[in-house]
Structures are given as C-alpha cells and as structure tokens.
Amino acid sequence: MSDSKSKAIAIIRAEHRALGAVINNIKAVLQEVQAGRVAMDFKLFWAMVYYIDAFPDRLHHPKEDDWLFSRITTRTPLADKLIEELQSQHQMEPQALARMRRDLGNYEAGVPGSLEALQTTVASYADFTWKHLRTEESEILPLAEAHLLASDWDAIADAFAQNADPLVGSADNKLFDALFHDIVNRTPAPVSGGLNPHKSGGSKWRCKLAPVSGGHLWRRILVVNSGALGAINR
Ligand SMILES: [Fe+2]
Ligand SMILES: [Fe+2]
C-alpha cells in the first residue's frame, strides 16, 4: 500500500473513531443520568454537541465529498448510487444536530419529557451515524482501494492531513484542547451498557491521555477510548 493511501485511510478511520467516541460518551452520559447515578452535566453535553458540529460536520464530511467521493466517481461508476446516498446523509447532519440541540435545550429548561426525547434523538443519531461510517469503511474504502490511482491518494491524503489537525496554529487551538480535556475528564464512569470503556483505577473510567506524536488532543482521546472502536465495527 502506498504511503499516501495508507495515510489517507488511517486518517479517515481515526476521524470516524473520534466521532464514534463522542457519540458513545453522549449515550453513556444519558444512560447514567436517566438511571439517577449522575447529575446531568450540561457543559459536558454542549461541548460534545459542539464537537460534532465543529469537526465531523464542517470538516470531515465536506472533505469526503470534495476529495474521496469525487475521485471515486471519476474512476468508476460502481459507487455512484452509494455515494449519492452518503452525500444526502451528509446534508441531513445539520438537521439531526439541530434536533439534538433542541431537545438538550428543552431538558436544560426543565421541559417535562425532554430527557426521554433527547435519548430518542441521540439513539436515532447514533444508529444513523454508525450505519453511515460502517458503509464508508466496508464499501467505499474497498472500492477506493480498487479503483483510485496513486495521484488520487496523494490528493486525498493531503486534504485529510489538513483535517487531522484542523486548528493547529489558530487562535482556537487552546479552546479545542480545553474542550476535549473537559469531555474526557467530565464524562462519568458508565456502570452498564453502551460502552466497553477503558478501565483503570478500580471501577472508575479514567481516560488517560496517551501521547501521540504530532497528534491533537482529540486524537489522543480515541487511543484510550477503545469502546468507540467496537461500536463502529459491530
Ligand atoms: Fe461521511
Ligand atoms: Fe466519514
């Protein structure tokens, strides 16, 4: 496998796992809240919703459309229908996030039944997203490997390498680091269901930040959050 191909595929898969990790955290938090084991941490929840909006929706999906999908359709018609479906799913993301924000806001305002509504919205979003990610990994990437040329992979790897550290060098860099410190440190230890979390220190879930050379904080999170990997691949 060429360097560019392996690099591009590794970044795409890592970004999927980062998204999966955050979605799993969202589900786990809601389970704990509904079971009465923890109080709702709205700052944590808003931070996770913001992450989905700021990174996967604004950067990952558009780069798939502009680089990966467009190169595949140039080389083969075999993925045309699938790509059309995936692109329409990308366009549905903002509406799905808007529903999550609405239900979260209602819950924060104390609207009766809003926790259940939020759980339904999150479960639907998680199913939708995992199906989307699995389709890309199990059908689109193999087609890409079969049909794309080395020059295609060079272009895709370049585009996604910019994705990998979207805020490096920007004034928002520290803000993102702080955001993900919050997500890691504030997420409660799931007691049952949903996740298969990394555990250390007894029954507590402790996400230790493993150093990744050149990696941004969010990439370090997914090194230790192995539960998200299982969720995407199941
Ligand atoms: Fe996608
Ligand atoms: Fe994707």
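1. Quick look at the overall build of the protein chain
Then comes step 1: Tallying secondary structure elements over the protein chain gives eight helices and zero strands in all.
Then comes step 2: Beginning at the N terminus, the succession of helices and strands in the protein chain can be written as α-α-α-α-α-α-α-α.
Then comes step 3: Burial statistics for the protein chain: of 234 residues in total, 30% are counted as buried.

2. Observations concerning the packing of helix H1 (residues 3-34) against helix H4 (residues 114-147)
Then comes step 1: Contact geometry for H1 and H4: axes closest at 10 Å, N-to-C directions at 160°. Compared by their axis directions, H1 and H4 come out roughly antiparallel. Where H1 crosses over H4, the two elements pack in a sense that is left-handed. Contact residues: H1 offers Ile 9, Arg 13, His 16, Leu 19, Gly 20, Ile 23, Ile 26, Lys 27, Leu 30, Val 33 and Gln 34, while H4 offers Leu 115, Leu 118, Gln 119, Val 122, Ala 126, Thr 129, Leu 133, Glu 137 and Leu 141.

3. Topic: the confidence of the model for the protein chain
Then comes step 1: With 69% of its residues at a pLDDT of 70 or more, the protein chain shows a mean pLDDT of 77.
Then comes step 2: With pLDDT under 50 throughout, residues 165-171 is counted as low confidence; its partners more than four residues away or in other chains account for eight contacts.
Then comes step 3: Here residues 190-234 is a poorly scored stretch, pLDDT under 50, and it has 81 contacts once near neighbours within four places are set aside; other chains count.

4. Quick look at helix H3 (residues 80-108)
Counting along an α-helix, one turn takes 3.6 residues, and residues three or four places apart therefore face a common direction.
Then comes step 1: Between its first and last C-alpha atoms H3 spans 43 Å; for 29 residues at 1.5 Å apiece the expected length is 42 Å, and the two agree.
Then comes step 2: Met 92 marks where H3 bends most, by close to 35°; the proline Pro 94 follows one to four residues later.
Then comes step 3: By the burial criterion, the buried members of H3 are Ile 83, Leu 86, Met 100, Asp 103, Leu 104 and Tyr 107.
Then comes step 4: Tucked into the core, H3 has its buried residues touching helix H2 (42-75) and H4.
Then comes step 5: One or two residues past the end of H3 sits Gly 110, with phi positive at roughly 85°.

5. Re the nonpolar core
Then comes step 1: Among the nonpolar cores identified, the biggest contains 19 residues, and Val 22, Ile 26 and Met 48 are the most heavily contacted of them.
Then comes step 2: Secondary-structure elements contributing two or more residues to this core are H1, H2, H3 and H4.
Then comes step 3: It is H1 that provides the largest number of residues to this core, a total of nine residues.
Then comes step 4: The next biggest cluster of nonpolar side chains, apart from the first, holds 16 residues, and it includes Ile 9, Ile 11, Ala 144 and Phe 160.

6. Digging into the packing of H3 against H4
When two helices pack together, their arrangement is given by the angle between the helix axes and the distance between those axes.
Then comes step 1: The geometry of H3 relative to H4 is characterised by a closest axis approach of 10 Å and an angle of 160° between their N-to-C directions. When the axis of H3 is compared with that of H4, the two are roughly antiparallel. H3 and H4 meet at a crossing whose hand is left-handed.
Then comes step 2: Tallied by class, residues from the contact of H3 with H4 come to 13 nonpolar, six polar and four charged.

7. Structural notes on the environment of Asn 24
Then comes step 1: Its location among the elements puts Asn 24 in helix H1.
Then comes step 2: By C-beta crowding, Asn 24 is classed as buried, having 25 other C-beta atoms within 10 Å.
Then comes step 3: Measuring from C-alpha to C-alpha, the distance between Asn 24 and Ala 123 comes to 10.0 Å, with 99 residues separating the pair along the chain.

What counts and how
- Residues numbered from 1 in each chain as written.
- Chains lettered and ligands numbered in written order.
- Predicted model: local features only at pLDDT ≥ 70, side-chain atom pairs only at ≥ 80, totals over all residues.
- Helix = DSSP H or I, 4+ residues; strand = E, 2+ residues; numbered from the N terminus.
- Buried ≥ 20, exposed ≤ 12 C-beta atoms within 10 Å, placed from the backbone.
- Axes fitted to C-alpha atoms, helices over the stretch in contact; angles between N-to-C directions.
- Parallel < 35°, antiparallel > 145°, perpendicular 65-115°, else oblique.
- Left-handed = near helix turned anticlockwise from the far one by under 90°.
- Contact = placed C-beta atoms within 7 Å.
- pLDDT = per-residue confidence, 0-100.
- Expected span 1.5 Å × (residues − 1).
- Bend = angle between axes of the 7 residues up to and from the residue.
- Core = buried A, V, L, I, M, F, W, Y, C linked by C-beta atoms within 7 Å.
- Nonpolar A, V, L, I, M, F, W, Y, C, P; charged D, E, K, R; others polar.

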